[in-house]
Amino acid sequence: MRMYDIIQKKRDGGELSDEEIKFFVNGAVDGSIPDYQLSALLMAVYFREMSEREISVLTQAMAESGDTVNLSAIDGFTVDKHSTGGVGDKTTLIVAPIVAALGGKVAKMSGRGLGHTGGTVDKLESIIGFKTELAREDFFRQVNETGISVIGQSGNLAPADKKLYALRDVTATVESIPLIASSIMSKKLAAGSQGIVLDVKTGSGAFMKTVEKSKALAEEMVRIGTAAGRKMTAVITNMDIPLGRAIGNSLEVIEAVETLNGRGCGDLAEVCFCLAANMLMLVNGKSYEDNFADVKASVADGSALSKLRQMVEYQGGNPEWIDNTELFPKAKYEYKVISSRSGYINRMDAEKIGIASVILGAGREKKEDSVDFSAGIILEKKTCDKVEKGDTLAVFHTNDESKIEEAEKRFLSALEFAENEVEKQPLIYETITG
Ligand code: URA
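Residues numbered from 1 in each chain as written. Predicted model: local features only at pLDDT ≥ 70, side-chain atom pairs only at ≥ 80, totals over all residues. Heavy atoms only, no water.

Novice: Explain the sheet that holds strand β12 (residues 415–418) residue by residue, including any values.
Specialist: Strand order in the open sheet formed by 3 strands is β10-β8-β12, and the pairing between neighbours is antiparallel. Strands at the two margins of the open sheet, each flanked by one partner only, are β10 (386–387) and β12. Sheet analysis places strand β8 (residues 343–348) next to β12, joined by 4 bridges and oriented antiparallel. Residue pairing across strands places isoleucine 345 opposite phenylalanine 417, the latter belonging to β12. (Pairing = 2+ DSSP bridges. Helix = DSSP H or I, 4+ residues; strand = E, 2+ residues; numbered from the N terminus.)

Quick look at the structure:
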């Protein structure tokens, strides 16, 4: 078999055989196919797309390209969630403890932030001492004893995806439904949970900018997971504005604790409660309404917050930081961004706001960069809010004063104002079940 023929076939709109797909996935992992040929194939897939069969075979081949996690040592129904990536997206920190408090088993592997989007592993590591690498037996034991553990993705989970994703990132081939669906689902299938809820983001801060495209992506991922024997749900949620008010690692953990204390920002709580209720439906088969009521009760009675506290304690962090978030180290500089005009905020470009927080130190430009855990942005105003000249739009937190000017420019370029009141957009567009 020759890679040249595979590229040519896809370039001309042909359908690849199972063997051809497995050939290039194996070649990506063992290094026998050079990057330029893999990149050419990715571009051909970008333009010519793939059939459902091709996407399923590609996903399975990537899932089997490295370690697969067998969660059968865990008693009870294992349930996972995955977000397609966003700004201020701290949902895992809220949803996982709620689901664990209500009987689901959350054995979760999360990623780090890259580019304008944050990652759960970085957020958790802002709790000094918190271990995101655990031996397999310790991970299983913790989930059996407490119902929850969130760790970093093992280095050898879906290595074919790692290779192809890095090439897509630099060849303008990320925004492709077959490639995103197979990338995400290969990792989810390899991570082993019986039920999976996908939070498919749509809007300016998401990879898919329109609801139609997000829906097509969600349907494809639900189809792949269902065919692989997993219980699947996808929820399409708004990422036209950052979720909640905090962007940046420790700032987001603090906001998650506030939300689990029942004092969170309305949009964040609404999305989290919806995701948690959908996960619980896969666990217990009860209705959405019943689970939603249980979710709210787990926050009101403090049992969800206790689960987060317990996870922090088991994984080496100081649980007192959850009781008293004043213990999180603060950034040296707090800078208020002041509005030079009055009006209503008509639009916020979530991607630009994410980049402003990266400039302040909250994210990494390159994989090997380290992050400043206390850096980030607290939004004082969001889309639809009325603003008077002189009002504070946001507060920047940073340890590098020299970055403030550039971050402010980027932040202000993300805002659009209107003279009149602005209509609220939906937060949750649609739920798709397998
Ligand atoms: N997240 C992934 O893991 N893969 C993609 O292709 C896009 C988002």
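Novice: Can you tell me about the nonpolar core, naming the residues and giving the values?
Specialist: Among the nonpolar cores identified, the biggest contains 69 residues, and Ile98, Ile377 and Phe411 are the most heavily contacted of them. By residue number, the principal contributor to this core is helix α12 (residues 266–284), which donates 12 residues. Residue contacts for phenylalanine 411: discarding those within four places in its chain leaves Val337, Ile353, Ala356, Ile377, Leu379, Leu393, Ala394 and Phe396. The next biggest cluster of nonpolar side chains, apart from the first, holds 42 residues, and it includes Leu16, Leu179, Ala181 and Val222. (Core = buried A, V, L, I, M, F, W, Y, C linked by side-chain atoms within 4.5 Å. Buried < 20%, exposed > 50% of the residue type's maximum accessible area, 1.4 Å probe, protein only. Contact = heavy atoms within 4.5 Å.)

Novice: So, the site of the ligand: which residues are in play, and what are the values?
Specialist: Neighbouring the ligand are the residues Tyr165, Arg168, Ile180, Ser183, Ile184, Lys187 and Phe207. At 2.9 Å, a side-chain N or O of arginine 168 approaches an oxygen atom of the ligand. Within the side chain of serine 183, one N or O atom sits 2.7 Å away from a nitrogen atom of the ligand. Computed on the free molecule, the ligand has an accessible area of 240 Å², of which 90% lies beneath the protein chains in the complex. (Near = heavy atom within 4 Å. Polar contact = N/O pair within 3.5 Å; in protein donor to acceptor, adjacent residues only side chain to side chain. Areas by Shrake-Rupley, 256 points an atom, 1.4 Å probe, with all protein chains shown as cover.)

Novice: Mind laying out empty space enclosed by the protein, listing which residues take part and the relevant values?
Specialist: Unoccupied space between atoms shows up once a probe the size of one water molecule is rolled over them. Scanning the model with the defined rule gives 4 cavities of 30 Å³ or more in all. Taken together, 23 residues make up the lining of the largest cavity; nearest its centre are Thr117, Gly118, Ser357, Ala362 and Gly363. The set of elements that each furnish at least two residues to the lining of the largest cavity consists of α6 (120–125), α11 (249–260) and α16 (350–359). No other element matches the 3 residues that α16 contributes to the lining of the largest cavity. Along the lines of polarity and charge, the residues of the lining of the largest cavity split into 6 nonpolar, 13 polar and 4 charged. (1 Å grid on protein atoms, 1.4 Å probe; cavity = no way out; pocket = protein on both sides within 12 Å on 5 of 7 lines; lining within 4 Å. Points joined across faces, edges and corners; volume = space filled by probe spheres on them. Nonpolar A, V, L, I, M, F, W, Y, C, P; charged D, E, K, R; others polar.)

Novice: An account of the environment of lysine 209 is needed here, citing residue identities and associated values.
Specialist: The residue lysine 209 is located in the loop between β4 (195–202) and α10 (211–227) in this model. Note on lysine 209: relative accessible area 46%, which makes it partly exposed. On a C-alpha basis, the gap between lysine 209 and valine 87 in space is 14 Å, while along the polypeptide they are 122 residues apart. Not counting the four nearest positions on each side in its chain, lysine 209 is found in contact with Thr202, Gly203, Ser204 and Glu351.

Novice: So what about the state of the cysteines? Which residues, and what values?
Specialist: All told, the structure shown has 0 disulfides when counted by the stated rule. We note that cysteine 272 lacks a disulfide partner, and the nearest cysteine sulfur, in cysteine 274, lies 9.7 Å from it. Taking the relative accessible area as the measure of exposure, cysteine 272 reaches 0% and is therefore buried. (Disulfide = S-S within 2.5 Å.)

Novice: Hey, could you go over the pairing of strand β11 (residues 392–398) for me, with residue numbers and the actual values?
Specialist: Judged by how many residues are buried, β11 sits mostly within the fold: 6 of 7 residues are covered. Direction of pairing for strand β7 (residues 333–338) relative to β11: antiparallel, over a ladder of 6 bridges. Note on β11: the bridge partner recorded for isoleucine 338 is threonine 392. Relative to β11, strand β9 (residues 376–379) runs antiparallel, the two being bridged by 4 bridges. Paired with leucine 379 across the strands is alanine 394, a residue of β11.

Novice: Go over unusual backbone geometry with me, naming the residues and quoting the values.
Specialist: One non-glycine residue, glutamate 49, lies in positive phi territory at about 60°. The exposure class assigned to glutamate 49 is partly exposed, which follows from its relative accessible area of 48%. You will see that cysteine 384, though not glycine, has its phi angle at about 85°, which is positive. Along the chain, the position of cysteine 384 falls in the loop between β9 and β10. With a relative accessible area of 16%, cysteine 384 lands in the buried category.

Novice: Describe the side chain of threonine 78, listing the residues and the values that go with them.
Specialist: Structurally, the position occupied by threonine 78 is in the loop between α4 (52–63) and β1 (79–83). Sequence-distant contacts of threonine 78, defined by excluding residues within four places in its chain, comprise Leu71, Lys105, Gly192, Ser193, Gln194 and Gly195.

Novice: I'd love a proper account of the packing of helix α5 (residues 91–101) against α12, names of residues and values included.
Specialist: With their axes 9 Å apart at the nearest point, α5 and α12 run at an angle of 40° to one another. Looking at the two axes, α5 sits oblique to α12. α12 is crossed by α5, and the crossing has right-handed handedness. Across the interface between the two elements, Thr91, Ile94, Val95, Ile98 and Val99 from α5 touch Leu268, Val271, Cys272, Phe273, Leu275, Ala276, Met279 and Leu280 from α12. Of the residues contributing to the contact of α5 with α12, the split by class is 12 nonpolar, 1 polar and no charged. (Axes fitted to C-alpha atoms, helices over the stretch in contact; angles between N-to-C directions. Parallel < 35°, antiparallel > 145°, perpendicular 65-115°, else oblique. Left-handed = near helix turned anticlockwise from the far one by under 90°.)

Novice: Please provide a residue-by-residue account of the pattern of salt bridges, values included.
Specialist: Within the structure shown, the criterion is met by 32 salt bridges. Residue arginine 53 pairs with glutamate 15 through a salt bridge whose shortest N-O separation is 3.1 Å. Highlighted residues: arginine 53 in helix α4 and glutamate 15 in the loop between α1 (3–11) and α2 (18–30), separated in sequence by 38 residues. Glutamate 15 gets classed as partly exposed once you look at its relative accessible area, which sits at 42%. With its nearest N and O atoms 2.8 Å apart, the salt bridge here joins aspartate 138 to arginine 141. (Salt bridge = Lys/Arg side-chain N within 4 Å of Asp/Glu carboxyl O.)

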